[in-house]
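Results of the structural survey
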Amino acid sequence: MGKAMSKVEPPSRGVRFMVGRDVGGRWVVSDRDGLVGGLFTDRASAVHFAMFESDRTPGAVCCLPEGVTLSLGPVFEIPVKAPEAIDPRMKIVGRA
């Protein structure tokens, strides 16, 4: 008789996105590599974006506790007049 095969989950790669507030109180999503991120009007939208971008991988999104500030870092520190400086792997999204 054959052995039953069990589905093996791939090992977790850890937290990819952090969700929190910046110093101005706005909701921020920032990824660990500084390539994807955004500002959001509310926590639910920020978490939804992070979950979507991480393909709903368990443990990929971490919500920071109140009192801890988060910044977008290099995602929004690109000179406006130098589009060639944008890393082609970078993904900046927004919604008005």
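Residues numbered from 1 in each chain as written. Predicted model: local features only at pLDDT ≥ 70, side-chain atom pairs only at ≥ 80, totals over all residues. Heavy atoms only, no water.

Further remarks concern the overall build of the protein. In terms of helices and strands, the protein carries 1 helix and 5 strands. Listing every helix and strand of the protein by position from the N terminus yields β-β-β-α-β-β. For the protein, restricting intrachain contacts to residue pairs at least 6 apart in sequence, the fraction spanning at least 24 positions comes to 50%. Within the structure as shown, the protein displays about 7200 Å² of accessible surface, and the carbon and sulfur contribution to it stands at 59%. (Helix = DSSP H or I, 4+ residues; strand = E, 2+ residues; numbered from the N terminus. Contact = heavy atoms within 4.5 Å. Areas by Shrake-Rupley, 256 points an atom, 1.4 Å probe, with all protein chains shown as cover.)

So, on to the packing of aromatic side chains. Going through the model one piece at a time under the given rule, you end up with 2 aromatic pairs. Between Phe17 and Phe49, the aromatic rings sit 6.5 Å apart at their centres with planes inclined by 75°, giving edge-to-face as the arrangement. Taken together, the positions of Phe17 in strand 1 (residues 17-21) and Phe49 in helix 1 (residues 43-53) put the pair 32 residues apart, joining distant regions of the chain. Side by side, Phe17 and Phe49 carry an identical accessibility label, which is buried. Between the aromatic rings of Phe40 and Phe49, the centroid separation amounts to 5.3 Å while the plane-to-plane angle is 40°, which identifies the pairing as tilted. For the pair formed by Phe40 and Phe49, the shared burial category is buried. Among the aromatic residues, those joined into a ring-pair cluster are Phe17, Phe40 and Phe49. (Phe/Tyr/Trp six-rings, centres within 6.5 Å; stacked < 30°, edge-to-face > 60°. Buried < 20%, exposed > 50% of the residue type's maximum accessible area, 1.4 Å probe, protein only.)

The next thing to look at is unusual backbone geometry. Even without being glycine, Asp55 reaches a positive phi, approximately 55°. If you trace the backbone, Asp55 turns up in the loop between helix 1 and strand 4 (61-63). Judged by relative accessible area, which is 68%, Asp55 ranks as exposed. One non-glycine residue, Arg56, lies in the positive phi region at around 55°.

Moving on, we come to the environment of Gly34. With respect to the helices, strands and loops of the structure, Gly34 is situated in the loop between strand 2 (27-31) and strand 3 (36-40). Between the C-alpha atoms of Gly34 and Leu72, which are 38 residues apart in sequence, the distance is 7.4 Å.

One finds Phe17, Val19, Trp27, Val29, Leu35, Val36, Phe40, Ala46, Val47, Phe49 and Ala50 forming the largest nonpolar core, which totals 11 residues. For this core, the elements supplying multiple residues, two or more each, are strand 1, strand 2, strand 3 and helix 1. It is helix 1 that contributes the most residues to this core, 4 residues altogether. If sequence neighbours within four positions are ignored, Val19 has contacts with Trp27, Val28, Val29, Ala46, Val47, Ala50, Val61, Cys62, Cys63, Leu64 and Leu70. (Core = buried A, V, L, I, M, F, W, Y, C linked by side-chain atoms within 4.5 Å.)

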